[in-house]
Amino acid sequence: MSAHIKLENSWKQRLQAEFHKTYMQDLRTFLKTELRSGKTIYPKAHQYFAALNLTPFADVKVVILGQDPYHGEGQAHGLCFSVAPDVRTPPSLVNIYKELHQDLGLDVPNHGCLVSWAKQGVLLLNSVLTVEQGNAASHQKKGWERFTDQIITCINNEKEHVVFMLWGAYAQKKGAFIDRQKHLVIEGLHPSPLSAHRGFFGQHYFSRTNDYLAEHHLPSINWLLPNKDEAKAQFEQAEAIHLNLFQGK
């Protein structure tokens, strides 16, 4: 995998050794076998590491931890909860926008592209980075969890004053080892319509994040997403970054 997948340099320095471990070799074999059997995998190969490519290690201020990529056609593009600007906003992201409006009074965007957040230092990381089309959770326990645990470990150990948003029991379990003395961990229920009304809303995730960053003299996040046309331009720029890295340019 390391010969074919390119990473943003700061992440490559920290994660390159992972690609030589048996679990990642096994994961690469699994993905190749799935593709050769005719299965469709999301996101596209050049987008597997989109979250890392758009948010270099030094820029990470916030981590939002998801579980699996969306498994519907055209949805996943490598950032958790995000979709391309022309794709219908998924229900969980609709609820995130509702909370954003309630917390900060921001207008609800007419698209679901979160590239703007990623470019400001919000690492939009799924625990599992691929999925089979129409088959939720199909790539769990294939190795991705160990890889993304290492990403979180690097942030936890090497940085200070990062905000981790852990929504739902899965994310909270994955982030249980995060040092609460060095970082802010904000927990809540998952924004899925199945659980959001039982405790996701009203937690002020976004204002609490910016208050914490300001307290530690760090730049706040502008949570207001751009209009759809600008989001499209940002998405296209991001795609160019991913493709160039993937092709070794």
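Before reading further, recall that the structure is shown in the block above.
This one's a predicted model, so the numbers in the text were calculated from it and none came from an experiment.

The rules behind the values
- Residues numbered from 1 in each chain as written.
- Predicted model: local features only at pLDDT ≥ 70, side-chain atom pairs only at ≥ 80, totals over all residues.
- Heavy atoms only, no water.
- Helix = DSSP H or I, 4+ residues; strand = E, 2+ residues; numbered from the N terminus.
- Rg over C-alpha atoms; globule rule 2.2 N^0.38 Å.
- Buried < 20%, exposed > 50% of the residue type's maximum accessible area, 1.4 Å probe, protein only.
- Contact = heavy atoms within 4.5 Å.
- Areas by Shrake-Rupley, 256 points an atom, 1.4 Å probe, with all protein chains shown as cover.
- Pairing = 2+ DSSP bridges.
- Axes fitted to C-alpha atoms, helices over the stretch in contact; angles between N-to-C directions.
- 1 Å grid on protein atoms, 1.4 Å probe; cavity = no way out; pocket = protein on both sides within 12 Å on 5 of 7 lines; lining within 4 Å.
- Points joined across faces, edges and corners; volume = space filled by probe spheres on them.
- Nonpolar A, V, L, I, M, F, W, Y, C, P; charged D, E, K, R; others polar.
- Expected span 1.5 Å × (residues − 1).
- Arc of directions from axis to C-beta.
- Polar contact = N/O pair within 3.5 Å; in protein donor to acceptor, adjacent residues only side chain to side chain.
- Salt bridge = Lys/Arg side-chain N within 4 Å of Asp/Glu carboxyl O.

Draft legend 1. Structural context of the overall build of the chain. The secondary structure content of the chain amounts to 9 helices and 6 strands. Whereas a compact globule of 249 residues would reach a radius of gyration of roughly 18 Å, the chain reaches 17 Å, a difference of no more than 12%. Overall, the C-alpha framework of the chain stretches about 45 × 40 × 35 Å when taken along its three principal axes. Residues classed as buried in the chain amount to 54% of the 249 residues present. When contacts within the chain are restricted to residue pairs at least 6 apart in sequence, those whose partners lie at least 24 apart make up 71%. Total accessible area on the chain is roughly 11,300 Å²; 49% of this is exposed by carbon and sulfur atoms.

Draft legend 2. The arrangement of the sheet that holds strand S5 (residues 163–167) in detail. Strand order in the open sheet formed by 4 strands is S3-S2-S5-S6, and the pairing between neighbours is parallel. Edge positions in the sheet fall to strand S3 (122–126) and strand S6 (184–188), since each of these pairs with one other strand and no more. Looking at each pair of strands side by side, their axes are set apart by 20° on average, direction ignored. By the bridge criterion, 5 bridges tie strand S2 (residues 62–66) to S3 in an arrangement that is parallel.

Draft legend 3. Just empty space enclosed by the protein, in detail. Enumeration over the complete set of coordinates arrives at 3 cavities of 30 Å³ or more. Taken as a whole, the largest cavity spans an internal volume of roughly 50 Å³. Of the residues in the lining of the largest cavity, the class split is 6 nonpolar, 4 polar and 1 charged. Looking at the second largest cavity, its volume works out to about 40 Å³. Together, Pro43, Gln47, Tyr48, Pro69, Gly78, Asn126, Val128 and Leu129 line the second largest cavity. Tallied by class, the residues present in the lining of the second largest cavity amount to 5 nonpolar, 3 polar and no charged.

Draft legend 4. How the structure looks around helix H2 (residues 22–36). Taking 1.5 Å of rise per residue, the 15 residues of H2 would be expected to cover 21 Å, and the 21 Å separating its terminal C-alpha atoms lies within 8% of that figure. Taken together, the buried positions of H2 are Tyr23, Met24, Leu27, Phe30, Leu31 and Glu34. Down the axis of H2, the smallest arc covering the buried residues is 115°, so these residues share one side. The exposed residues of H2 that point more than 90 degrees off its buried face are Thr22 and Arg36. With its phi angle positive at about 95°, Gly38 sits one or two positions after the end of H2.

Draft legend 5. Molecular detail of the side chain of Lys174. Structurally, Lys174 can be placed in helix H7 (residues 169–174). Separated by 3.3 Å, the side chains of Lys174 and Ser127 make a polar contact. Setting aside residues no more than four positions away along its own chain, Lys174 makes contact with Leu65, Ser127, Glu145, Thr148, Asp149 and Ile152.

Draft legend 6. Representation of the pattern of salt bridges in the model. Summed over the entire model, instances satisfying the criterion amount to 8 salt bridges. Close ionic contact of Lys174 with Asp149 constitutes a salt bridge, the shortest N to O distance being 2.6 Å. Of this pair, Lys174 sits in helix H7 while Asp149 sits in helix H6 (residues 144–158), and the two are 25 residues apart along the sequence.

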